[in-house]
Amino acid sequence: MTDQVPPTELPEIPGKPTSASRTTLSHIMTHNDTNLLGTVHGGVIMKLVDDAAGAVAGRHSGGPAVTASMDEMAFLEPVRVGDLVHVKAQVNWTGRTSMEIGVRVLAERWNESAPPTQVGSAYLVFTAVDADGKPRSVPPVLPETERDRRRHQEAQIRRSHRLARRRAIRELREQRAADGIED
């Protein structure tokens, strides 16, 4: 669903700096968020990640954007009831109609003054859509800092890997179909 609009149909859109759409979503974890082990359920963290990334994608693209994929969701430390979770998200890379959003998840005890600990990270790809759900153009992201430039370069590598993986799977399926093997 990403980057399917022919480039000849796209008007020039001025770029936006990374800081224009960067956002933080904070949420305190309660007993309603726990799994059977008594820690916060990974799905709760994933929803917060998707919510923050969606806000960034909508802000950057100036309208609706939908989740196309989530890559490399890493859970580094458990999150506990009473933790104040901060989900920090920013645009790392943009294509014609899609954006990679990088997300860091931090947690701190609600009643302590210790610095937050990184407990997770993820990369999501969002596609900007119009009122009919069709892909629409997004502004290029303009990295501002050395860290933004590094994240932009890393995002290009992840994109290449996503495309290569998709192509390899398609070729394998085509070969299996040609050999008469059903999936």
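Here goes a summary of the coordinates provided.

### Quick notes on unusual backbone geometry
Piece 1. Positive phi is not limited to glycine here, since E72 has a value of about 50 degrees.
Piece 2. Tracing the backbone shows E72 in strand β3 (residues 65-75).
Piece 3. Judged by relative accessible area, E72 falls into the partly exposed class, the value being 48%.

### Notes on helix α2 (residues 146-178)
Piece 1. An ideal rise of 1.5 Å per residue puts 48 Å on 33 residues; α2 measures up with 48 Å between its terminal C-alpha atoms.
Piece 2. Every buried residue belonging to α2 is among D148, R151, H152, A155, R158 and R162, and all of these are buried.
Piece 3. Phi for G180, located one or two positions after α2, is positive at around 80 degrees.

### Here's the deal with the packing of aromatic side chains
Piece 1. Scanning all chains against the criterion turns up zero aromatic pairs.
Piece 2. Here R158 stacks its cationic end above the ring of Y123, 3.5 Å away from the centre of that ring.

Parameters at a glance
Residues numbered from 1 in each chain as written. Predicted model: local features only at pLDDT ≥ 70, side-chain atom pairs only at ≥ 80, totals over all residues. Heavy atoms only, no water. Helix = DSSP H or I, 4+ residues; strand = E, 2+ residues; numbered from the N terminus. Buried < 20%, exposed > 50% of the residue type's maximum accessible area, 1.4 Å probe, protein only. Expected span 1.5 Å × (residues − 1). Phe/Tyr/Trp six-rings, centres within 6.5 Å; stacked < 30°, edge-to-face > 60°. Lys NZ or Arg CZ within 6 Å of the ring centre and 35° of its normal.

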